[in-house]
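Listed below, chain by chain, are the residues.
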Amino acid sequence: MASSKWTGFFAFFLGASLGVVAGMLLAPKSGEDLREDLNDRLNEGAERVRATSRSVARRAQEMASQVQQSVSDAADAGIRASRKLTRS
């Protein structure tokens, strides 16, 4: 009976030791390292958002310019048609 107690204790001690070693090897980064990584990733994400918003703003400006040109062309065509009708 005494040998089974020691066997159980030894198995528990060995398992706990292996758990500690595995935990140390597989543990996440320290708090400071983790905060730095998170900060870096947040900065990268913020830069992507800024770049995307610049791209969207530029495209919106291009589209507004195209619409303005189309409206101007249509207005000019309307004025020409009106003048043609008033001369006839």
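Residues numbered from 1 in each chain as written. Predicted model: local features only at pLDDT ≥ 70, side-chain atom pairs only at ≥ 80, totals over all residues. Heavy atoms only, no water.

(A) Structural detail: the overall build of the protein chain. Assigned secondary structure in the protein chain consists of 2 helices and 0 strands. Scored against the burial criterion, the 88 residues of the protein chain give a buried share of 0%. With an accessible surface of roughly 8,100 Å², the protein chain has 63% of that area assigned to carbon and sulfur atoms. (Helix = DSSP H or I, 4+ residues; strand = E, 2+ residues; numbered from the N terminus. Buried < 20%, exposed > 50% of the residue type's maximum accessible area, 1.4 Å probe, protein only. Areas by Shrake-Rupley, 256 points an atom, 1.4 Å probe, with all protein chains shown as cover.)

(B) Structural view of the pattern of salt bridges. Under the defined criterion, the tally for this structure stands at 3 salt bridges. One salt bridge in this structure joins Arg50 and Glu47, with 3.3 Å as the shortest N-O distance. Here Glu47 and Arg50 lie together in helix 2 (residues 31–87), a separation of 3 residues that amounts to about one turn. Owing to a relative accessible area of 42%, Arg50 belongs among the partly exposed residues under this scheme. Ionic pairing is found between Arg59 and Glu62, a salt bridge with its closest N-O pair at 3.3 Å. Of this pair, Arg59 and Glu62 both sit in helix 2, 3 residues apart, which is roughly one turn of the helix. Look at Glu62 and you get partly exposed, because its relative accessible area is 39%. One network of salt bridges, in which partners are shared, links Glu47, Arg50 and Arg54. (Salt bridge = Lys/Arg side-chain N within 4 Å of Asp/Glu carboxyl O.)

(C) Molecular detail of a nonpolar patch on the surface. A contiguous nonpolar patch, built from Phe10, Leu14 and Leu18 and spanning about 320 Å² of accessible area, is present on the exposed surface. Note on placement: Leu18 falls in helix 1 (residues 2–26). (Patch = residues over 30% accessible without salt bridge, like charges linked within 9 Å, V, L, I, M, F, W, Y side chains within 5 Å.)

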